[in-house]
Amino acid sequence: MPKLFRQVFNEFRRFGDTKGIHIIRQKIPSRSISTYGTLNQHAENKDVNSENSLIDPLEHHDYFDIRKTVTVKNLFLSTAHYGHVTGCRNPYMTPYLFGVRSGIDIIDLEQTVRHFQDALNFTAHIAYRNGIILFVSRNKMMMPHIEKTAKACGEYAHCRYWSNGIFTDMVSRLGQNVRLPDLAIFLNTQNSVFQTHKGVLDCAKMLIPTIGVVDTNCDPRLISYPIPANDDSFRSNMLYLSLFEAAIKKGKAKRAEDANM
Amino acid sequence: MAGSRSHKVSTIFHRVQGLLTAEGLEWKDRPLWYDVMEKFPPKTPPKFNRPLPPDTVKTIVYPEDLIRAKYFERFVKSDFTKLKSHIGWKTLPQMFIEEYVKHQREGATVDEIFDEVEAKLNQDRTRYKRYIHKPNRSTPRQGTVTETETEST
């Protein structure tokens, strides 16, 4: 059975020299998911691929090399900056706006890039930890594409009607307890024109982090990693899907790489 | 997994943290995302109860917008925006305005430059011939009676 790099690291810590190791949270006895010890190195200025690969991924700012995939130009060419008419604006979206051009809200793409990078990094980390990722949307136009993407990267999608209690009342809905996802990616956070998707609320209840593409008429409050961008355009949606797919695939590839190390 | 379902209270991270500190949840049973979110927290904590942000959004106005306004006073909007690929594509008004900026000089009135640009572009491209002058709506329509006339009669 291939060892995870964490197991290798634990052995190293147990039997090897512990001089260069900085340990946090010594009181906590057991851990199954992540390391709490890290090598005492300045990991942020180094290229992980060429240098020491025994670095804790969480200590690196961009472990999956994913942040460069999002650029302002990329987003602009796919019309991600277009918002809705000013009258439709959700007041909580004002900090993400660049301005109003002839009655239409324009989203600040520099902020979008930063939010998108964080979201992709988080996605890749969840994929790296073998978490379950669920794509959610109620956009009929994008439904086949989202399902295809989810299939391509070995994850799940829910693009149909969201019935109440699918997360909160599983036993009566599905007949048994089901493992919930570790991350939900909402490519459209609206259920109808005026309602927020019920899934956003359910995820917040069940302690599932969410990533959501929020347009200017959406409520970004309950979404952990909101991405202020246009969620109606086909072209921009395809761009988001490709980015998320790349992030998940990179996370999984890194996991396999570290396991074979 | 144990956890509070009150989604309006604080954030998901804070709720899990509370459970861990109160020993309602063991450290080994913490959610998979917990360490990642601790290391890479969201830019704004996803709280439901938060104050309204200030409603200050600027309007985007360019210096050539005055020319654009004049343009739409004069000409009918005769072309469309290409949404499929707008790389290297310019709308007719945009081409007109760019040409106008090149012709701009001191001592020339707006109407003069407009005529020049129109003549030039019509020479270059045939599609500019389609422009039609709008009827001037500021003048009263024929048959309407103004107030002064009603007073005199």
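I will try to describe carefully the structure that is included in this document. (Residues numbered from 1 in each chain as written. Chains lettered and ligands numbered in written order. Predicted model: local features only at pLDDT ≥ 70, side-chain atom pairs only at ≥ 80, totals over all residues. Heavy atoms only, no water.)

**Thoughts on the interface of chain B and chain A**
No. 1: Between chain B and chain A, the contact holds 46 residues from the first and 52 residues from the second.
No. 2: Buried surface at the junction of chain B and chain A, summed over both partners, amounts to about 4,400 Å²; 61% is from carbon and sulfur atoms.
No. 3: Counting the surface chain B buries against chain A, the share from its top three residues, R5, L32 and F40 of chain B, is 17%.
No. 4: Summed over the shared surface of chain B and chain A, the result is four salt bridges.
No. 5: A salt bridge links D65 of chain B to R101 of chain A, with the shortest nitrogen-to-oxygen separation between them at 2.7 Å.
No. 6: Contributions of two or more residues to the side of chain B that touches chain A are made by α1 (12-21), α2 (34-39) and α3 (65-74) of chain B.
No. 7: Of the residues forming the side of chain B that touches chain A, the biggest block, five residues, is contributed by α2 of chain B.
No. 8: Split by residue class, the side of chain B that touches chain A holds 25 nonpolar, six polar and 15 charged. (Contact = heavy atoms within 4.5 Å. Buried area = accessible area lost by both parts, 1.4 Å probe. Salt bridge = Lys/Arg side-chain N within 4 Å of Asp/Glu carboxyl O. Helix = DSSP H or I, 4+ residues; strand = E, 2+ residues; numbered from the N terminus. Nonpolar A, V, L, I, M, F, W, Y, C, P; charged D, E, K, R; others polar.)

**A short note on α1 of chain B**
No. 1: All buried positions along α1 of chain B are accounted for by I12, F13, R15, V16 and L20 of chain B. Viewed along the axis of α1 of chain B, the buried residues span an arc of 165°, placing them on a single side of the element.
No. 2: On its buried face, α1 of chain B sits against α6 (198-205) of chain A together with α2 of chain B.
No. 3: Immediately beyond the C-terminal end of α1 of chain B, within one or two residues, lies E23 of chain B, with a positive phi of roughly 60°. (Buried < 20%, exposed > 50% of the residue type's maximum accessible area, 1.4 Å probe, protein only. Arc of directions from axis to C-beta.)

**Description of the packing of aromatic side chains**
Residues and elements named next belong to chain A.
No. 1: Counted according to the given criterion, the structure contains 14 aromatic pairs over all chains.
No. 2: A ring pair is formed by F116 and Y240, whose centres lie 5.7 Å apart and whose planes are at 50°; its orientation type is tilted. With a gap of 124 residues between them, F116 in helix α3 (residues 109-128) and Y240 in helix α7 (residues 234-259) connect regions that are remote in the sequence. Accessibility classification places F116 together with Y240 in one group, the buried group. (Phe/Tyr/Trp six-rings, centres within 6.5 Å; stacked < 30°, edge-to-face > 60°.)

**Examining the sheet that holds strand β8 (residues 183-186) of chain A**
Two modes of strand pairing occur in sheets, parallel and antiparallel, and in both the strands are linked by backbone hydrogen bonds.
Residue and element names in this part refer to chain A.
No. 1: Strands sit in the order β7-β6-β8-β9-β10 across an open sheet of five strands; the sheet is parallel. Strand pairing shows two members of the sheet lacking a second neighbour, β7 (156-158) and β10 (225-228), which therefore form its edges. Here the average twist between neighbouring strands, direction ignored, is 20°.
No. 2: Pairing between strand β6 (residues 133-136) and β8: four bridges, direction parallel. Residue I133 lies in a different strand from β8, and its bridge partner there is L183.
No. 3: Along the sheet face, helix α4 (residues 143-152) touches β6 and β7 and points at about 160° away from the line of β7. (Pairing = 2+ DSSP bridges. Axes fitted to C-alpha atoms, helices over the stretch in contact; angles between N-to-C directions.)

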